[in-house]
Amino acid sequence: MKSLHCVCCGRPFARTSPRGPAPLYCSRDCRRQMDVRRRAWSDEDLFARPALAEPAGSSLPF
Ligand SMILES: [Zn+2]
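Being a predicted model, the structure only gives us computed values, none of them experimental.

Caption draft 1: Examining the overall build of the protein chain more closely. The helix and strand inventory of the protein chain stands at one helix and two strands. Going from N to C terminus, the protein chain has its helices and strands arranged as β-β-α. Counting every position in the protein chain, which comprises 62 residues, the buried fraction comes to 2%.

Caption draft 2: Structural view of the environment of Pro12. Mapped onto the fold, Pro12 is located in strand S2 (residues 12-14). Remark: the alpha-carbon pair of Pro12 and Tyr25, spanning 13 residues in sequence, is separated by 9.5 Å. When sequence neighbours within four positions are dropped, the list of residues in contact with Pro12 reads Ser3, Leu4 and His5.

Caption draft 3: Main features of the environment of Pro23. Its place among the elements puts Pro23 in the loop between S2 and helix H1 (28-53). Separated by 17 residues in sequence, Pro23 and Cys6 place their C-alpha atoms 8.3 Å apart. Every residue in contact with Pro23, bar those within four places of it in the chain, is listed here: Leu4 and Arg15.

Caption draft 4: Representation of the confidence of the model for the protein chain in the model. Residues with a pLDDT of 70 or more make up 73% of the protein chain, whose mean pLDDT is 81. Put simply, H1 is where the protein chain has its lowest mean pLDDT, 80, and S2 is where it has its highest, 92.

Cut-off values and rules
Residues numbered from 1 in each chain as written. Predicted model: local features only at pLDDT ≥ 70, side-chain atom pairs only at ≥ 80, totals over all residues. Helix = DSSP H or I, 4+ residues; strand = E, 2+ residues; numbered from the N terminus. Buried ≥ 20, exposed ≤ 12 C-beta atoms within 10 Å, placed from the backbone. Contact = placed C-beta atoms within 7 Å. pLDDT = per-residue confidence, 0-100.

Below you can see the structure in the form of structure tokens.
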């Protein structure tokens, strides 16, 4: 049987069902973890964009 590696924690795991697409996570917990992380990443993107558009130092009034 082909063993899979969880994309969240990297642990090898065996898929429970031979049918359907190969699962990416070893457990529902890991899937939730990645959901949370992905949301955090997009939040960081929103915060990083204005900082990149306006480089520090160039817009100081003096
Ligand atoms: Zn995992």
